Amino acid sequence: MSLNAERIGTMRCGVGEGPIWHAGEQALYWTDIPGRKLWRWNFFSGQADSWALPEMAGCIAMAADGWALAMETGMFLAPPPRAGMELGALQRLATVAHARPDMRFNDGRCDRQGRFWAGTMVFDTALGAPLGKLYRLDADAAHNERVEPVIDDLIVPNGLAFSPDGKTMYLSDSHESRQTVWAFDYDIDSGTPYNRRVFIDMKAHPGRPDGAAVDAEGCYWICGNDAGVVHRFTPDGRLDRSIAIPTPKPAMCAFGGPGLDTLFVTSIMIGGDPLSGATFAVRPGVTGLPEPVLHL
């Protein structure tokens with residue numbers, strides 16, 4: 001792999017989202033939202049496995065023994081997937097009270113302390129309904145089996161990421177009327193974001209802001225949906241570089257590989273493009289950070 005993005009495997013997803021590198025298995029996990037599947041691809045063998053899910057899962061997070069999934073009706077815990085077997089029974093961690101029935105979770109991840117953050121959205125993004133909210137699952141929420149919103153007035157929440165020291169939180173809204181990435185100061189003790197400000201006005205750059213990752217140097221990588229690129233921004237919001245992805249709609253990126261020096265990029269399927277919906281890998285010349293594990 002090089003600075004040219006190369007396809008891995010033959011998998012295609014309707015909407016490939018939430019890639020997470022599992023160092024213990026040397027494998028990449030991600031979800032196909034409309035396909036209602038959890039995917040795993042082994043770095044060394046190239047073997048790909050998938051498991052059916054009962055609901056659409058917008059994002060996932062590693063747990064001590066299994067995976068947390070933010071789905072349609074709430075957040076759940078799945079046991080470790082096993083090749084050739086159905087996914088074991090899910091345990092409900094928390095229920096969410098949506099503003100309307102046609103909503104689901106979308107982008108999310110754990111903060112550096114192991115709290116699971118995920119945003120919700122209305123299925124039909126053409127409506128432009130600002131009913132999405134950002135939720136935080138921590139030990140208290142899991143004990144009460146209910147998550148409460150921390151940030152609201154979102155249309156398509158995306159781009160969630162945390163700086164290496166955990167003291168800055170990033171959040172984007174992908175909708176064409178927003179196309180903005182915000183930065184927040186983040187209280188690592190309470191898990192509270194504050195001092196919201198515009199980090200990147202993506203209307204000034206190719207693509208709508210989608211899923212994101214932060215590298216070991218603190219730079220923010222975000223998929224430019226509709227433009228077929230992944231951008232790297234420095235911590236002061238300056239565009240550092242852009243890497244082309246061979247399909248127009250990259251969805252989310254994550255660092256992985258044995259040295260955390262590979263950037264994996266999932267994508268969205270569109271008609272007439274045989275590479276859309278595929279997952280890609282590129283060596284960008286920088287390394288990422290280990291993904292935190294859910295702590296409850």
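Residues numbered from 1 in each chain as written. Predicted model: local features only at pLDDT ≥ 70, side-chain atom pairs only at ≥ 80, totals over all residues. Heavy atoms only, no water.

S.K.: For this particular structure, what's the right way to read the pattern of salt bridges?
M.R.: When charged atoms on two side chains of opposite charge get close, those side chains can pair. The tally for this structure, following the rule as stated, stands at 18 salt bridges. Among the ionic pairs, R208 bridges to D226, the shortest N-O distance being 2.9 Å. In this pair, R208 is assigned in strand β18 (residues 208-214) and D226 in the loop between β19 (220-225) and β20 (229-233), connecting sequence segments 18 residues apart. A salt bridge links R232 to D215, with the nearest nitrogen and oxygen atoms 2.9 Å apart. (Salt bridge = Lys/Arg side-chain N within 4 Å of Asp/Glu carboxyl O. Helix = DSSP H or I, 4+ residues; strand = E, 2+ residues; numbered from the N terminus.)

S.K.: Looking at this model, I keep getting lost on the pairing of strand β10 (residues 103-110). Mind explaining?
M.R.: For a regular strand, the rule is simple: side chains alternate between the two faces of the sheet. Across the 8 residues of β10, 8 count as buried, placing the element largely inside the fold. Both β10 and strand β11 (residues 116-122) contribute to a ladder of 6 bridges, which runs antiparallel. Bridged to C110 within β11 is F116. Here β10 folds back onto β11, and the loop between the two strands holds 5 residues, one of which, G114, carries a positive phi near 95 degrees. (Buried < 20%, exposed > 50% of the residue type's maximum accessible area, 1.4 Å probe, protein only. Pairing = 2+ DSSP bridges.)

S.K.: Would you mind going over the nonpolar core with me for this structure?
M.R.: Burial of nonpolar side chains together is a common tendency in soluble globular proteins. Ranked by internal contacts, the top residues of the largest apolar core, which has 19 residues, are A70, M75, F105, F116, L137, V147 and L294. Among the secondary structure elements, those contributing two or more residues to this core are β6 (59-63), β7 (66-70), β9 (91-95), β10, β11, β12 (132-137) and α1 (139-144). For this core, the element with the most residues is β6, which contributes 3 residues. If we ignore the near neighbours within four places in the chain, the residues touching L294 are M62, A63, A64, A68, L93, C110, G114 and F116. Counting 15 residues, the second largest nonpolar core, distinct from the first, contains A5, A213, I243 and I245. (Core = buried A, V, L, I, M, F, W, Y, C linked by side-chain atoms within 4.5 Å. Contact = heavy atoms within 4.5 Å.)

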